[in-house]
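Notes for the structure review
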Amino acid sequence: MKDYIEERAVEIANYIIESNSTVRQTAKKFGISKSTVHKDVTERLIQINPALAAQTRKVLDTNKSERHIRGGLATREKYLHLEHR
């Protein structure tokens, strides 16, 4: 694996942990695709730093379990704004 990919995977993992960020937010921040973020933190990071990979997985699992709540809130906001027009 190339050095820059390893560095990116570690940098992404640290960002996700520090900011409690989602895959989508992380992809936007780093200017890469969601699938690249996912591959970096689920496949590549395990080979580089298993402990960091486990921490990152914990944050992503939490985000995934809360996803339906965020989606519901976004929908609610959308319709609240439509009513006030």
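The structure under discussion appears in the preceding block.
These lines cover the structure that appears in this document, whether it is placed above or below. (Residues numbered from 1 in each chain as written. Predicted model: local features only at pLDDT ≥ 70, side-chain atom pairs only at ≥ 80, totals over all residues. Heavy atoms only, no water.)

Things to note about the side chain of T26
As for its position among the elements, T26 is in helix α2 (residues 23-30). Those residues in contact with T26, other than ones at most four positions away along the chain, are I12, Y15, I16, S21 and V37. (Helix = DSSP H or I, 4+ residues; strand = E, 2+ residues; numbered from the N terminus. Contact = heavy atoms within 4.5 Å.)

Points about the pattern of salt bridges
Applying the stated criterion across every chain, the model contains 4 salt bridges. One salt bridge connects D40 with R8, and the closest N-O pair in it is separated by 2.7 Å. Pair noted here: D40 is in helix α3 (residues 34-48) and R8 is in helix α1 (residues 3-19), with a separation of 32 residues, a long-range link. Accessibility assignment for this pair places D40 and R8 in one class, buried. Where R57 meets D61, a salt bridge forms, and the shortest distance between an N and an O atom there is 2.9 Å. Placement of the pair is R57 and D61 together in helix α4 (residues 50-83), with a separation of 4 residues, close to one helical turn. (Salt bridge = Lys/Arg side-chain N within 4 Å of Asp/Glu carboxyl O. Buried < 20%, exposed > 50% of the residue type's maximum accessible area, 1.4 Å probe, protein only.)

Comments concerning the side chain of R8
Of note is the side chain of R8, whose polar atom sits 2.7 Å from the side chain of D40. Filtering out sequence-adjacent residues up to four positions away, R8 remains in contact with I32, T36, D40 and R44. (Polar contact = N/O pair within 3.5 Å; in protein donor to acceptor, adjacent residues only side chain to side chain.)

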